[in-house]
Each structure stands twice: as C-alpha cells, then as structure tokens.
Amino acid sequence: MLLIKGGRVIDPASGRDEIGHLVLEDGKVREFLAGEAPVRFQGRVISAEGKWVVPGLIDMHVHLRDPGYEWKEDILTGTRAAAAGGFTSVACMANTNPVNDSPEVTRHIIEKARREGCANVFPVAAVTLGLEGKEMADFSELAEAGAVAFSDDGKPVENPLLLRRAMEYVRPFGYRILSHAEDSVLAGGGAAHEGWTARKLGIPGIPSAAEEVAIARDILIARQVGGRLHIQHISTRMGVDLLRMARRAGLDVTGETAPQYFTLTDAALEGYDTNAKMNPPLRGEDDRMAILEGIQDGTIDAIACDHAPHEAYVKKCEFAVAANGIIGLQTSLPLSLSLLAGGKVTPARLVDLLSAGPARILCLRGKGTLAAGADADVTVIDPEAEWEFGPGDVLSKSKNSPFLGWKMRGHAAATICGGRVRHATIAGVTVDA
Amino acid sequence: MEWHRRHVLGLSDFHPEEMEFVIDTARSMEEVLTRDIKKVPALRGKTVVNLFFEASTRTRTSFEIAGKRLSADVVNFSSATSSVTKGETLLDTARNIEAMKPNILVVRHSASGAALFLSRHVSCSIINAGDGQNEHPSQGLLDLYTILKVKGKIAGLKIAIVGDILHSRVVRSDLHSLGRMGAKLWLCGPATLVPREMERTGAVVTSDIREAVRGADVVIMLRIQLERQKTAYFPSLREYSRRFGLNRDVFSLAKDDAVIMHPGPINRGVELSDELADCERSLVLLQVESGVAVRMALLYLLAGGSHVAH
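Residues numbered from 1 in each chain as written. Chains lettered and ligands numbered in written order. Predicted model: local features only at pLDDT ≥ 70, side-chain atom pairs only at ≥ 80, totals over all residues. Heavy atoms only, no water.

At the junction of the two partners, chain B supplies 24 residues and chain A supplies 17 residues. Between chain B and chain A lies a buried interface of about 1,500 Å² when both sides are counted; carbon and sulfur atoms form 61% of it. The three residues of chain B that bury the most area against chain A are B:Ser112, B:Phe117 and B:Glu197, which together make up 28% of that side's buried surface. Here A:Arg199 ties to B:Glu197 by a salt bridge, and the two come within 3.0 Å at their closest N and O atoms. Mapped onto the side of chain B that touches chain A, the elements with two or more residues apiece are helix H3 (90–98) and helix H4 (114–119) of chain B. Partitioned by chemical class, the residues of the side of chain B that touches chain A number 10 nonpolar, 8 polar and 6 charged. (Contact = heavy atoms within 4.5 Å. Buried area = accessible area lost by both parts, 1.4 Å probe. Salt bridge = Lys/Arg side-chain N within 4 Å of Asp/Glu carboxyl O. Helix = DSSP H or I, 4+ residues; strand = E, 2+ residues; numbered from the N terminus. Nonpolar A, V, L, I, M, F, W, Y, C, P; charged D, E, K, R; others polar.)

Here it is, written out as structure tokens:
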C-alpha cells in the first residue's frame with residue numbers, strides 16, 4: 001500500500017480538484033480521502049504537501065527507436081526519460097527497423113517494455129506495410145498483439161484512397177488512425193517553415209499549406225466514411241481552425257500539438273541551429289498564438305512531445321541534411337506548465353491535455369484518471385520548482401534539444417507507475433528497483 | 001580602421017565602414033595587378049585551401065589567382081560529392097584538411113550555413129565562397145566595388161536585380177552590400193522566384209521588369225539556374241525570356257548612363273540578349289577584374305596584413 005499525502009489532487013476525468021490523500025493498493029487506486037490524513041497507515045507514505053497529485057501523464061507521440069535504432073534510444077532509456085519527465089505511459093510510433101507492421105514487432109516492444117521499462121509503452125502500429133503507403137497492415141492481428149492505434153508517422157499516407165479504405169475498414173473495430181498530416185509534394189523538399197527566417201537564411205521553405213491541405217483532406221475523408229481520426233503535431237493556425245471546424249461538424253476528429261509549437265517559432269533557426277530543425281517545422285508567431293488559442297478553447301485534445309532522439313553527428317552537420325526532430329520527454333511538462341501563466345489554462349485543463357485527453361483518444365482503460373479502481377499511475381508535480389535543463393540531466397541516449405540551458409519552472413517530483421515509484425526527487429522517497 | 005575578423009562568412013553583419021575598408025584594400029591590390037610582375041610577398045609561407053564542394057570554375061580560379069598574386073601556397077580541393085550522398089561528412093573532410101595546417105579555407109558548398117558551421121568547428125580562417133542559397137560575400141563586395149568604380153557612389157542609385165531571387169546567394173549578399181551603402185534596390189522576377197517576404201529587406205518587389213528597369217542606374221541580371229529547378233517555377237525559357245529577359249527595348253527605359261552587370265555565367269538570349277551582353281555598357285568583365293582584387297583584399301586581411309608592401 002502507498003499513501004500520497006496532502007497534495008492537491010487534480011483528476012479532471014472525475015471532476016476532482018481538492019486537497020486530500022490518495023491510497024494505492026495492488027497496482028490500483030484504492031480511494032481518495034479528504035480531510036485529515038489517516039493516522040495509522042500500514043505502508044509507504046509520500047508527502048505531497050504543496051504539490052499536485054495527478055493521473056500519470058501520457059505522451060501519445062514518442063519515438064523509442066527500438067527495435068533497430070538502439071544507438072539513438074531504446075525502451076529502457078526512453079522510458080527512463082519519460083518517468084523523469086512525469087510520464088507513466090507513452091505511445092511509440094512505428095518507424096522502427098523493422099517497421100512495426102507485424103505482431104512480432106508489436107510484441108517485442110510490449111515484452112521488452114514489461115521487462116525493463118520504467119513506464120507503460122503502448123505501441124502504435126503502421127497503417128501500411130513498411131510505411132510504404134502501398135498495402136494496409138493487418139490491423140486486427142496488430143491490435144490483438146497490443147497496438148493501440150495506427151499511424152505511418154514520419155510520413156503521410158499519401159494515397160487518399162488507401163487512407164479512406166484504412167479508416168473505413170477499422171471504424172467498426174473502434175481503432176483510430178493517427179495522421180502525420182503533410183502534403184509531401186507541396187512540402188517540396190523544404191527544411192524550414194516558409195517565412196522570413198527561411199528566406200533570410202536561404203533555406204528551402206515548407207509552406208503552411210503543406211500541413212493544412214493534408215489536414216483538410218484527412219478530415220474530409222473521415223467525414224466521408226465516419227472514421228475516427230487523430231491529427232498529429234499540429235503546427236499551423238489554419239490546422240487548428242480546420243480541427244475546430246471538424247469538431248463543430250460533429251466529426252470524431254481529435255488533435256495534438258507539441259510544446260515546441262507553442263513555445264518556439266522559426267526564429268529559433270537563426271545561426272542554422274539544427275536542434276531547431278523538425279517536421280513539421282517551427283512556424284511563425286501567428287501560428288504559435290493560434291496553437292495557444294486552440295489549447296485554451298479546447299480544440300486541441302492533447303499535448304504530445306514527438307520525442308525524436310538522434311545521435312550527435314546527424315545533427316552536427318549542414319542544416320539542409322540534418323535529421324529532423326528533438327527529444328522532449330523531460331521538457332514537455334515544464335514547458336506545458338508555462339501555459340498556466342495568464343490564467344487562460346487551468347491546472348485541470350492542463351492535466352486533461354497531458355493525461356485524460358490522450359487516454360480518451362487511445363481508449364486506454366484504467367489510464368488518465370485517479371478514480372477508484374484505476375491503474376496506480378500517478379504523477380506528483382511540483383509546479384514551482386525552478387531548475388535548469390542541462391546536458392547532464394538528459395536521460396535519453398541523445399541530447400538533441402533546443403531547450404538545453406533553459407531555465408524551467410515545475411517538474412515531476414515523483415512518478416508512480418503501476419504502484420511502483422519510478423522517479424522521485426522528494427526527500428526520503430526512494431525509487432523502486 | 002582595425003580589422004578584427006577571423007572569418008568572412010557573410011555580409012549580414014558587415015558595417016559600411018568595414019566594407020569601405022575592404023574596398024580601399026582592394027584598390028591597393030589592384031595597383032599590384034597593373035605591375036609587370038603581378039606578385040607581392042604578403043602571404044609568403046601561408047597556405048590557402050580552396051575547398052569546393054560545388055562545381056565552380058570562375059570563383060575558384062579567382063580565389064586561386066588572388067592567393068598566388070599574394071605569394072600564398074594555394075591548394076585546390078574539389079569534391080563533386082554532393083552533401084546528400086553518403087560518405088565522409090563535411091565536418092570530417094574539413095577537419096582532415098585542417099590537420100594539414102592551412103591558414104585560410106575558402107569554402108563553397110551547396111548547403112546554406114555550411115561556412116558558418118565549419119567556422120564553429122575548425123580553427124583556421126574561413127572565407128565563404130558561396131553557401132547554398134545564403135550568401136556569397138566576395139561577390140557582394142565585388143559588385144559594390146565595380147559600381148563604385150563606374151558611378152563613384154552607391155547612395156541614391158536605383159539598382160534593379162532581375163531573375164531568380166529565391167535561390168540567389170548573390171542577391172542575399174548584394175542586399176547587404178549595396179543596400180547598406182544606401183542604394184534603392186528593386187527585386188524583379190517571376191512571383192514564384194521572388195518571395196514576397198523579401199520586402200522586409202526594404203527592397204521593392206515586382207514582377208514587372210519595365211518598372212524595375214525604368215530610371216535605373218544599374219541593372220544586375222541573374223543567371224536563370226535551370227539545374228536548380230526540380231519543378232518548374234515558370235512555363236518555359238521562351239516565356240521567361242519574353243517577360244523577364246533584358247533586351248535593348250527594356251534597357252532603353254533605364255538612365256542614359258545605366259550599366260548592366262551579371263555574376264555569370266550568362267545564358268545568352270535567355271536573361272540577357274546577345275547584343276547587350278557584349279555592349280559597352282556591360283560591366284561583366286570589369287566585375288571579374290574587381291573580383292580578383294576584392295579576393296586578394298580578403299585573403300590579405302584575414303592573413304593579418306594591415307598595409308600593402310610596395
């Protein structure tokens with residue numbers, strides 16, 4: 001048994017936001033206790049006074065690089081970074097080697113995570129075999145093996161008919177297609193947001209329309225077949241507008257954005273900083289504002305960091321050939337906490353974006369809530385802790401982050417996954433082996 | 001003034017006085033070029049490596065002659081290998097060359113930012129001889145020098161630059177050199193090749209060549225780089241030439257003493273009519289001449305020189 005004492009328990013899924021105590025037992029949440037803490041408690045106690053106690057955070061978009069690219073990251077290091085960042089669950093994308101388009105790969109990920117992971121790992125399997133955009137993967141077999149959704153993330157499903165068939169086929173089974181929305185022809189081999197910074201630096205641009213056209217297309221296909229669609233890493237103003245419109249039309253379309261898109265703009269590319277190179281690219285200030293609005297008004301359902309580890313040498317090169325992507329699991333929470341400034345995002349809404357929302361989108365039972373009977377995945381957040389994100393703090397195998405050296409506010413004081421303490425900075429609280 | 005730079009990576013952070021200083025130095029260098037024995041010992045014992053990852057004959061030759069006139073040992077390293085094909089990384093190549101202890105690396109590369117990138121990782125001086133679509137600082141300075149020779153000033157001149165603005169590193173350097181010295185710049189070309197954002201530089205952006213050339217003191221024509229066109233930016237060369245080519249009819253709208261420039265190589269009959277390319281108002285060869293002097297000045301200044309040995 002484990003008692004988390006005296007924290008502000010924020011559980012949007014059950015409408016709770018009050019000071020109290022949480023009792024965990026046998027890997028489940030047993031109960032919430034208001035008022036005085038139990039005097040005679042037989043078990044471990046974690047003091048959470050002055051801190052938030054929230055359902056374990058869920059990042060629904062990470063690349064663990066395992067199997068196949070273990071020099072960039074593996075399941076152990078990736079989930080270690082997740083736990084340190086407050087995440088008890090991650091959904092990992094299918095662009096591994098071999099691609100996660102077969103139950104063997106799905107099972108490998110799940111079993112390895114069970115053996116050595118520090119967080120729950122939910123594999124997202126490929127929509128098409130080999131991510132080649134030609135033939136559909138065997139959805140049912142993959143789902144039986146444990147895949148929670150399907151995505152060709154890293155690249156779009158270019159053929160609209162194939163996407164239609166996939167969405168239509170999986171609809172009765174309740175699976176969701178996660179879309180890397182990009183028109184790669186329009187993107188035209190660009191390497192940065194098509195805007196002033198790219199013009200000035202002489203970097204070929206990726207127009208906003210490359211994302212927007214694809215989001216519009218995917219939404220219209222979902223509407224045609226009644227499909228369940230999720231738009232990944234939204235980075236543009238019109239992308240947010242399209243999602244809002246789809247929702248008003250009553251479609252089952254959800255969307256995520258990443259902390260980098262509401263924190264940075266393409267100005268971060270000055271000096272050809274390859275750690276600011278990603279796809280979709282960092283956009284302009286107007287896009288950043290629109291992402292913030294989408295978060296505030298509930299259009300955006302989830303924050304997911306698109307954790308994309310890369311070894312040093314594929315970033316230490318010319319901008320044009322540098323790899324896309326940044327690590328994010330250890331900075332996602334503090335960057336998201338900055339949304340609270342100004343009061344337009346409440347703590348409950350933030351917890352929804354980082355936990356309850358992704359659990360809903362991916363239908364993760366027992367996750368994203370602290371209701372009695374839920375899994376004992378809990379994150380204790382110190383929203384005020386001030387710290388600096390230095391290279392020595394990085395638990396990933398890769399250090400490709402534009403946020404190195406940033407002063408951060410707020411972090412995970414303890415991360416409890418399935419009742420086991422996976423990370424803790426609270427004095428006297430030890431991490432379970 | 002004192003020269004403090006270790007590298008010349010671009011003109012974006014050059015002050016007007018600094019550019020004038022380079023031009024003054026180039027003038028002294030040009031005097032050397034008029035001598036019977038066109039060589040001074042200023043860079044004796046220094047090694048200049050031309051590290052060219054992109055095909056270029058004229059810029060490389062210009063730097064080579066510049067180095068040799070200053071008595072430097074000049075070594076050419078050309079690698080046709082594009083940065084995208086797998087193999088040795090740019091950084092490894094540069095470090096290998098650096099281990100041979102050159103004083104100055106003159107770098108041409110297809111990736112924007114390549115020269116800046118190398119300057120952060122090697123200890124010798126770097127001159128950017130063109131990095132992707134970013135900058136070509138020696139071209140920006142030689143254009144400035146050439147116009148000064150003919151017009152005596154830059155401030156107040158209307159200078160039209162016509163062609164593929166989007167992909168041009170020459171434009172990005174000219175905007176700094178000519179723009180910062182007070183020229184009124186007009187950028188002209190097909191809308192697909194003249195990004196609207198370029199108005200942020202203070203230049204006027206247009207797709208009407210007649211408007212751009214009308215009353216101009218200088219018309220700089222850019223090469224239409226067919227090799228850069230993976231997808232068409234305009235319907236055909238024929239149409240391009242009709243809309244955006246400079247011929248006698250269009251050029252007659254410019255000032256009576258207007259001059260034509262072109263960084264070369266010229267596509268005769270495409271961006272520039274045959275007769276204009278060879279006319280007395282064309283400064284193309286004067287640009288090449290100024291180029292050697294400007295590059296001598298840059299090599300000289302980076303090697304630590306402060307005055308020319310007579």
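This is not the end of the story, as more comes after the structure.
Residue and element names in this part refer to chain A. Residues Met 136, Tyr 169 and Phe 173 make up a contiguous nonpolar surface patch of roughly 280 Å² in combined accessible area. Within the fold, Phe 173 resides in the loop between helix H4 (160–170) and strand S10 (177–179). Its relative accessible area of 41% is what places Phe 173 among the partly exposed residues. (Patch = residues over 30% accessible without salt bridge, like charges linked within 9 Å, V, L, I, M, F, W, Y side chains within 5 Å. Areas by Shrake-Rupley, 256 points an atom, 1.4 Å probe, with all protein chains shown as cover. Buried < 20%, exposed > 50% of the residue type's maximum accessible area, 1.4 Å probe, protein only.)

A few words now on the side chain of B:Asn267. All names here are of chain B. Locating Asn 267 in the fold gives a position in the loop between strand S9 (259–261) and helix H10 (274–277). Exposure remark for Asn 267: the relative accessible area of 15% places this residue in the buried category. Polar side-chain contacts of Asn 267 include one of 3.1 Å to the backbone oxygen of Ile 224. (Polar contact = N/O pair within 3.5 Å; in protein donor to acceptor, adjacent residues only side chain to side chain.)

Quick look at the sheet that holds strand S6 (residues 184–188) of chain B now. Residues and elements named next belong to chain B. The strand order across the open sheet formed by 5 strands is S7-S6-S5-S8-S9, and the pairing between neighbours is parallel. The open sheet terminates on both sides in strands that have one partner only, identified here as strand S7 (204–206) and S9. Across the sheet, the axes of successive neighbouring strands diverge by a mean angle of 20°, strand direction being ignored. Note: strand S8 (residues 218–221) against S9, 3 bridges, orientation parallel. Looking at the pairing, Val 218 lines up with Val 259 of S9. (Pairing = 2+ DSSP bridges. Axes fitted to C-alpha atoms, helices over the stretch in contact; angles between N-to-C directions.)

Residue and element names in this part refer to chain A. Core analysis: the biggest nonpolar cluster contains 67 residues, and Phe 150 and Val 253 have the highest contact counts within it. Ranked by residues supplied to this core, first place goes to helix H7 (residues 208–225) with 6 residues. With residues near it in sequence (within four places) discarded, Phe 150 still touches Val 124, Ala 125, Ala 126, Val 127, Phe 139, Leu 142, Ala 143, Tyr 175, Arg 176, Ile 177 and Leu 178. (Core = buried A, V, L, I, M, F, W, Y, C linked by side-chain atoms within 4.5 Å.)

Right, let's talk about the pattern of salt bridges for a bit. Opposite charge on two side chains allows them to pair when their charged atoms are near. Tallying each qualifying case throughout the model produces 44 salt bridges over all chains. Two residues, A:Glu25 and A:Arg30, come together in a salt bridge whose shortest N-O distance is 3.6 Å. We classify A:Glu25 as partly exposed; its relative accessible area is 28%. For A:Arg30, a relative accessible area of 37% puts it in the partly exposed group. Two residues, B:Glu54 and B:Arg108, come together in a salt bridge whose shortest N-O distance is 3.9 Å. In this pair, B:Glu54 is assigned in the loop between strand S1 (47–52) and helix H2 (58–69) and B:Arg108 in strand S3 (residues 104–109), connecting sequence segments 54 residues apart. One exposure class covers both B:Glu54 and B:Arg108, and it is buried. Among the charged side chains, a network of salt bridges with common partners joins A:Lys28, A:Lys367, A:Asp375 and A:Asp377.

Residues and elements named next belong to chain B. Packing of helix H5 (residues 137–151) against helix H6 (residues 169–180) leaves a shortest axis separation of 8 Å and a crossing angle of 50°. Of the possible angle classes, the one that applies to H5 and H6 is oblique. Here H5 and H6 pass one another in a crossing that is right-handed. Side by side, H5 and H6 meet where Pro 137, Gln 139, Gly 140, Asp 143, Leu 144 and Ile 147 of the first sit next to Val 170, Ser 173, Asp 174, Ser 177 and Leu 178 of the second. Of the residues assigned to the contact of H5 with H6, the class counts are 5 nonpolar, 4 polar and 2 charged. (Parallel < 35°, antiparallel > 145°, perpendicular 65-115°, else oblique. Left-handed = near helix turned anticlockwise from the far one by under 90°.)

Right, let's get into the pairing of strand S6 (residues 57–62) of chain A. Residue and element names in this part refer to chain A. Of all 6 residues that make up S6, 6 are buried, and the element is covered over most of its length. As judged from the 4 bridges shared by S6 and strand S7 (residues 87–92), these two strands associate in the parallel manner. By the bridge assignment, Leu 57 is partnered in S7 with Phe 87. Each parallel crossover has a hand, and for S6 linked through helix H1 (residues 75–84) to S7 it is right-handed. (Right-handed = clockwise from strand over helix to strand, strands pointing away.)

Looking now at the confidence of the model for chain B. Of all residues in chain B, 94% attain a pLDDT of 70 or more, and the chain-wide mean is 92. Among the scores for the predicted complex, ipTM is 0.87 and pTM is 0.93. (pLDDT = per-residue confidence, 0-100.)

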